[in-house]
Structure formats: structure tokens, C-alpha cells
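# Structural features, examined
The lines below spell out each chain.
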Amino acid sequence: MRTRQSRRWEIFLLSVVLAVGSAGCGTEPEAATGPLTGRAAAPAAHSSAEEKAAEKAALAAYSGYLDASRAASARSDPSHPALTRFLADPLLTRVRMAILDAKEHGAMRTGKLLSDPEVVSVDLAARPPTVEIQDCLDASGYRLVYARNGKAVPGTRGGRYLATATAVRYPDGRWRVNGGAAHQDQPC
């Protein structure tokens, strides 16, 4: 039977594992605006070039999200400025809470998280325009450790598993990741 502490670490790991990267880009936080909403009057036909551009922008946002999350987790800084550049709510709040929880328990992330994302769908007619991403994360070398001594936190594990994320285009034209999940029960 799992202890309450190990369950909290599992929740933390699931919340943050997608949110882990290296150095964040930029130093100024972006305004937290909501995604485009509403229904289009008529379905719009989008060119292949528009879809490719959306894929590229969404993958860049996803990569930025991993990098910003890794930097914030390594510093135990839930207010790291790069987080708002690549993430939006509700995922932004989940990531910040997970980093704060680790900080309160004296833990931090170290090592390298490997990612191999691919776009599985693009819907530019949706409001907001949405791109779904699937990734095979390799967290074998990415560890949650106690900051005071570098020892691994009990109950946390690495490995390779499926992760999914949703990126949306916001009114300012930027793509941000606002949803994601780690599927540790689905190895890849």
C-alpha cells in the first residue's frame, strides 16, 4: 500500500514531468490572456502551409514549455518568468503548484528529460485553434531529489512513457500549451 507521502510525490511527478526543460527563453512574463473563443460563422478551409505553420509553432511552444518547466523545477521557482511565455491555464497553475509542492518538501529536479514529440492533429477551425501533441518522454535520467543531499525522493520513478499535450493559439498570436498529461502506464 502506498503512503500518503509517496502518493503526493507521484502526483507531483505526473504534474511536472511534462513541465521540465532547460533554460527558459526571455525574461519578461507575457500577459495571461485567454484563448480565442467563439464559433466561426462558417468552417474555414485552411491551406497545408497554414497547418504546417501551426504545427511548427505549437511544437516550438511545447519545447519551450519543457525547457521553462525544467529551469523552474531546477531552481524550485514556481514564478519563473519563462513559464507564462509557453504555458497557459489550467496547465500553468498545475505546473506552478507542483513546483511549489516540491519546494516545500525540499526537493528539486536534476538530470535530463528526453523528448520526441509529434503533432497528431491540427484544428485551425476550432475556437481556439488547437494542435494536439503526443510525445514519448524519456525520464530515465531525470530525477526528483532532495536539494539538501541530492538523494532520490522515494516513490518517484523515471522511464519512458507516453505524454500528451494541447497547444492553443491565443489572441496575441502566440501558441501556448494549456493542457497535458503523462501516461506512465503507457510505455513507449
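Look above for the structure.
The text that follows walks through the structure, step by step, so that each part is easy to find. Fair warning: this is a prediction, and the values are worked out from it, not measured in the lab.

## Structural notes on the pairing of strand S6 (residues 175-183)
Within S6, seven of the nine residues are buried, which leaves it mostly tucked inside the rest of the structure. As judged from the eight bridges shared by strand S5 (residues 160-169) and S6, these two strands associate in the antiparallel manner. Among the inter-strand pairings, Thr164 is bridged to a residue of S6, identified as Ala181. Hairpin connection of S5 to S6: five residues between the antiparallel strands, including Gly173 at a positive phi of 90 degrees.

## Description of the state of the cysteines
Put plainly, a disulfide is one covalent bond tying together the sulfur atoms of two cysteines. One pass over the structure, following the stated rule, counts one disulfide. The disulfide partner of Cys136 is Cys188, and the S-S distance across this bridge is 1.9 Å. On the sign convention where negative is left-handed, the bridge of Cys136 and Cys188, at about 90 degrees about the S-S bond, is right-handed. With a gap of 52 residues between them, Cys136 in strand S3 (residues 130-138) and Cys188 in the segment after S6 connect regions that are remote in the sequence.

## A word on the environment of Arg96
Looking at the secondary structure, you find Arg96 in helix H4 (residues 91-104). Those residues in contact with Arg96, other than ones at most four positions away along the chain, are Pro78, Leu83 and Thr84. A polar contact of 3.0 Å, which involves the side chain of Arg96, links it to the backbone oxygen of Pro78.

## Section: the pattern of salt bridges
The full count for this structure, using the stated rule, is three salt bridges. Between Asp172 and Arg176 there is a salt bridge whose closest N-O contact spans 2.9 Å. Classification of Arg176 by relative accessible area gives buried; the value is 2%.

The rules behind these values
- Along each chain, numbering runs from 1 in the same order as the chain's sequence is written.
- For a predicted model such as this one, the threshold for reporting local features is a pLDDT of at least 70, and the threshold for listing and counting side-chain atom pairs is 80 or more; totals across whole chains, interfaces and linings nevertheless cover every residue.
- Based on all heavy atoms of the structure, the side-chain values leave hydrogens and waters out of the count.
- Partly exposed describes any residue whose relative accessible area lies between the buried limit of under 20% and the exposed limit of over 50%, with all areas from a 1.4 Å probe on protein chains only and scaled to the type maximum.
- Every helix listed is a DSSP run of H or I at least four residues long, and every strand listed is a run of E at least two residues long, numbered separately from the N terminus.
- What makes two strands pair is DSSP finding at least two bridges between them.
- Only a pair of cysteine sulfur atoms within 2.5 Å counts as a disulfide in this structure description.
- The contact criterion used is simple: two residues touch if any of their non-hydrogen atoms lie within 4.5 Å.
- Polar contacts, as used here, are pairs of N or O atoms within 3.5 Å; protein pairs need one atom able to donate a hydrogen and one able to accept it. Residues neighboring in sequence count only if both atoms are side-chain atoms.
- Throughout this description, the term salt bridge denotes a Lys or Arg side-chain nitrogen within 4 Å of a carboxyl oxygen of Asp or Glu.

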